Amino acid sequence: MRAGIVVFPGINRERDMAIALEISGAKPRMIWHRETDLSGLDLIVIPGGFSYGDYLRCGAMAAQSPVMRAVREHAARGGYVLGVCNGFQILTEMGMLPGVLLRNASLRFLSMDCYLRVERVTPAYTSKFAQGAVFRAPMAHGDGNYFANDATLDRLEGEGLVAFRYVTPHGEPTLAANRNGSARNIAGIYSENLRVLGLMPHPEDLVDKLMGGTDGKPLFDSIAAAA
Amino acid sequence: MKATVTVMLKPGVLDPQGKAIGQALHGLGFAGVGEVRAGKIIELELTESDPAAARAQAEDMARKLLANMVIESFRVEVA
């Protein structure tokens, strides 16, 4: 899997993402936001951070950048796209994934661990997890409150496009486990072809014992094993 | 022309910011405050001199960038 990591002004998680991909054996390169040639890449990762200072809305400015036009074309050709945190916000702003990330219901920036349940095992992203597996992931965001209208939420659930849900360590999707207030505890979603994935938490920050655990590593092992 | 675009969350979309402002106002003793909604105002200087054309431009900008139509609505005033 040849991966590219998009770097916008204000992005700050790109090196964490590169480390995670490298540990699992994927070969990442950085893509500056003015680049438009993504040829030779299987996966485009849009990492976390605060692109363009979160001006207007989180991800709104990055969604209009030249590189994202190329990312949209990459996805239309069936390419893989992973958006984490700000990357998820950018993908929803572009309409590549449905819904939107609102301000956390508590209005507080949340920087803590959460637990995610794997809602669907997919070849590209979660093949190294068991269906229903629960894993710990750090999160750090002010706007992670997933929202979509009921028809969209019903469609996501009906078509099995919910990737991860916020749960307790025992795997229960309770209100208390859903710290940012996301609709139906949704932490991550897939596109219809299961090749575009967006999620708010940061599995890339738990891929080495030195980081405090390797809970997120199966995600990157899955990516490295795909394609 | 000058166009003023007001962007507000659609009714039914939770507005925690508005809620927090409301609670703070209650804390200050403004007991008569009901629901509070917070939005943003964007002022645009446009070279266009025809009001109808300026409005159409501002509406196009609002749909494409200034508002996220999933959760927000907007209104445009030109002067």
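Cut-off values and rules
Chains are numbered independently. Their residues run from 1 in the order of the written sequence. Working convention: letters from A go to chains and numbers from 1 go to ligands, in the order in which they are written. At least 70 in pLDDT is required for a residue's local features to be given in this predicted model, at least 80 for side-chain atom pairs to be given and counted, and no such filter applies to totals for whole chains, interfaces and linings, which use all residues. The basis for the side-chain values is all heavy atoms of the structure; hydrogens and waters are excluded. Numbered from the N terminus, helices here are DSSP runs of H or I no shorter than four residues, and strands are runs of E no shorter than two. The quantity called the radius of gyration is restricted to C-alpha atoms. Its globule counterpart is 2.2 Å times the number of residues to the power 0.38. Each residue's exposure class comes from its accessible area (1.4 Å probe, protein chains only) as a fraction of the maximum for that residue type: buried when under 20%, exposed when over 50%, partly exposed otherwise. Contacts were defined at the residue level, with two residues in contact if any of their heavy atoms lie within 4.5 Å. Here the open area of atoms and residues is found with the Shrake-Rupley method and a 1.4 Å probe, where only the protein chains shown may cover a residue. Positive charge is attributed to Lys and Arg, negative charge to Asp and Glu, and no charge count is given to His or to the chain ends. Note that the charge is assigned to NZ on lysines, CZ on arginines, CG on aspartates and CD on glutamates. For a helix, the expected span equals 1.5 Å multiplied by the number of residues minus one. Throughout, the arc means that of the directions going from the helix axis to the C-beta atoms. A patch is a set of surface residues, each over 30% in relative accessible area and not in a salt bridge, joined within 9 Å for like charges and within 5 Å for the nonpolar side chains Val, Leu, Ile, Met, Phe, Trp and Tyr. Only one rule defines a salt bridge in this text: a Lys or Arg side-chain nitrogen within 4 Å of an Asp or Glu carboxyl oxygen. Defined here as a combined quantity, buried area equals the accessible surface (1.4 Å probe) lost by two parts on assembly, summed across both. Each polar contact in these results corresponds to two N or O atoms within 3.5 Å; when the atoms are within protein, one needs to be able to donate a hydrogen and the other to accept it, and residues that are neighboring in sequence are counted only if both atoms are side-chain atoms. Only Asp, Glu, Lys and Arg are considered charged, only Ala, Val, Leu, Ile, Met, Phe, Trp, Tyr, Cys and Pro nonpolar, and every remaining residue, Gly among them, polar. Cysteine sulfur atoms are paired as a disulfide whenever they come within 2.5 Å of each other. Stacked, tilted and edge-to-face are the three classes applied to pairs of Phe, Tyr and Trp rings, where Trp contributes its six-membered ring and a pair requires centres within 6.5 Å; stacked means planes under 30 degrees apart, edge-to-face means over 60, and tilted covers the rest. To form a nonpolar core, buried Ala, Val, Leu, Ile, Met, Phe, Trp, Tyr and Cys residues must be joined to one another through side-chain atoms within 4.5 Å.

K.L.:
Would you explain the overall build of chain A in this entry?
P.N.:
Per the secondary structure count, chain A includes five helices and eleven strands. Taking 227 residues into account, the globule formula puts the C-alpha radius of gyration at 17 Å, and chain A, at 16 Å, falls close to it. With the principal axes as the frame, chain A shows a C-alpha extent of 45 × 35 × 35 Å. A burial count over chain A gives 60% of its 227 residues as buried. Considering only contacts within chain A whose residues lie at least 6 apart along the sequence, 74% involve residues at least 24 apart. Carbon and sulfur atoms provide 51% of the accessible area of chain A, an area that totals close to 8,900 Å². Taken together, the 23 basic and 23 acidic charged side chains of chain A have centroids lying 1 Å from each other.

K.L.:
Would you mind going over helix α2 (residues 51-66) of chain B with me for this structure?
P.N.:
Because each turn of an α-helix spans 3.6 residues, side chains separated by three or four positions end up pointing in the same direction. All names here are of chain B. In this model α2 runs just 19 Å from its N-terminal to its C-terminal C-alpha over 16 residues, more than 12% under the 22 Å that 1.5 Å per residue would give. Among all positions of α2, only A54, A58, A62 and L66 are buried. Down the axis, α2 shows its buried residues gathered within 75° of arc, on one side only. Opposite its buried face, α2 presents the exposed residues A52 and K64, each directed more than 90 degrees away. Elements in contact with the buried residues of α2: β1 (2-9), β2 (39-45) and β3 (72-78).

K.L.:
I tried to follow a nonpolar patch on the surface on my own but got confused; where do I start?
P.N.:
Residues and elements named next belong to chain A. A surface patch of nonpolar side chains, about 220 Å² in accessible area, is lined by I19, I23 and M211. By secondary structure assignment, the location of I19 is in helix α1 (residues 14-24). What makes I19 partly exposed here is its relative accessible area of 39%.

K.L.:
What exactly am I supposed to notice about the interface of chain B and chain A here?
P.N.:
When the parts come together, some accessible area is lost, and that loss is often what is quoted as the size of the interface. Chain B puts 15 residues into the contact, and the matching count from chain A is 13 residues. Around 1,100 Å² of area is buried between chain B and chain A when both sides are counted, 70% of it from carbon and sulfur atoms. By the criterion of area lost to chain A, the three top residues of chain B are P16, L65 and N68 of chain B, representing 40% of everything that side buries. The tally of links from chain B across to chain A stands at one salt bridge. Here E72 of chain B and R57 of chain A are joined by a salt bridge, their closest N and O atoms 3.7 Å apart. Remark: the boundary between chain B and chain A carries four residue pairs in polar contact (both at pLDDT 80 or more). For the side of chain B that touches chain A, the secondary-structure elements that each account for two or more residues are α1 (16-27), β2 and α2 of chain B. Tallied by class, residues from the side of chain B that touches chain A come to ten nonpolar, two polar and three charged.

K.L.:
Where do I start with the state of the cysteines in this structure?
P.N.:
Put plainly, a disulfide is one covalent bond tying together the sulfur atoms of two cysteines. Residues and elements named next belong to chain A. Counted by the stated rule, this structure contains zero disulfides over all chains. Free of any disulfide, C58 has its nearest neighbouring cysteine sulfur in C85, separated by 8.7 Å. C58 gets classed as buried once you look at its relative accessible area, which sits at 13%.

K.L.:
Just checking my understanding: could you explain unusual backbone geometry for this structure?
P.N.:
In most cases, non-glycine residues show a negative phi, while peptide bonds are predominantly trans. Residue and element names in this part refer to chain A. Even without a glycine there, the phi angle at L56 is positive, about 70°. Position of L56 among the secondary structure elements: in the loop between β3 (43-46) and α2 (66-76). Its relative accessible area of 23% is what places L56 among the partly exposed residues. Positioned with a positive phi, L194 is a non-glycine residue whose angle comes to about 65°. Note that L194 resides in the loop between β10 (186-190) and β11 (196-199).

K.L.:
Just checking my understanding: could you explain the packing of aromatic side chains for this structure?
P.N.:
Two aromatic rings are characterised by how far apart their centres lie and by the angle between their planes. Enumeration according to the criterion identifies seven aromatic pairs over all chains in this entry. Every member of this aromatic cluster is reached through a ring pair, and the members are Y80, Y125 and Y190 of chain A.

K.L.:
Would you take a moment to explain the pattern of salt bridges for this structure?
P.N.:
Two side chains of opposite charge can pair, provided their charged atoms sit close to one another. All names here are of chain A. A full pass over the atoms with the stated rule returns 22 salt bridges over all chains. Residue R184 pairs with D150 through a salt bridge whose shortest N-O separation is 3.7 Å. With a gap of 34 residues between them, R184 in the loop between β9 (162-167) and β10 and D150 in helix α4 (residues 150-158) connect regions that are remote in the sequence. Overall, the relative accessible area of 31% leaves R184 in the partly exposed class. The partner of K217 in a salt bridge is D221, and the shortest N-O contact between them spans 3.1 Å. With K217 and D221 both in helix α5 (residues 217-225) and four residues apart, this pair spans about one turn of that helix. With relative accessibility at 21%, the residue K217 sits in the partly exposed group. For D221, a relative accessible area of 24% translates into the label partly exposed. Here the salt bridges do not stand alone but share partners, grouping R117, E119, D150, D154, E157, R165 and R184 into one network.

K.L.:
I'm lost on the nonpolar core in this one. Help?
P.N.:
Here is a general trend for soluble globular proteins: nonpolar side chains tend to be buried in one another's company. Core analysis: the biggest nonpolar cluster contains 71 residues, and L21, L43, Y125 and F164 of chain A have the highest contact counts within it. For this core, the element with the highest residue contribution is α2 of chain A, accounting for five residues. The next biggest cluster of nonpolar side chains, apart from the first, holds 13 residues, and it includes A3, V5, A54 and A58 of chain B.

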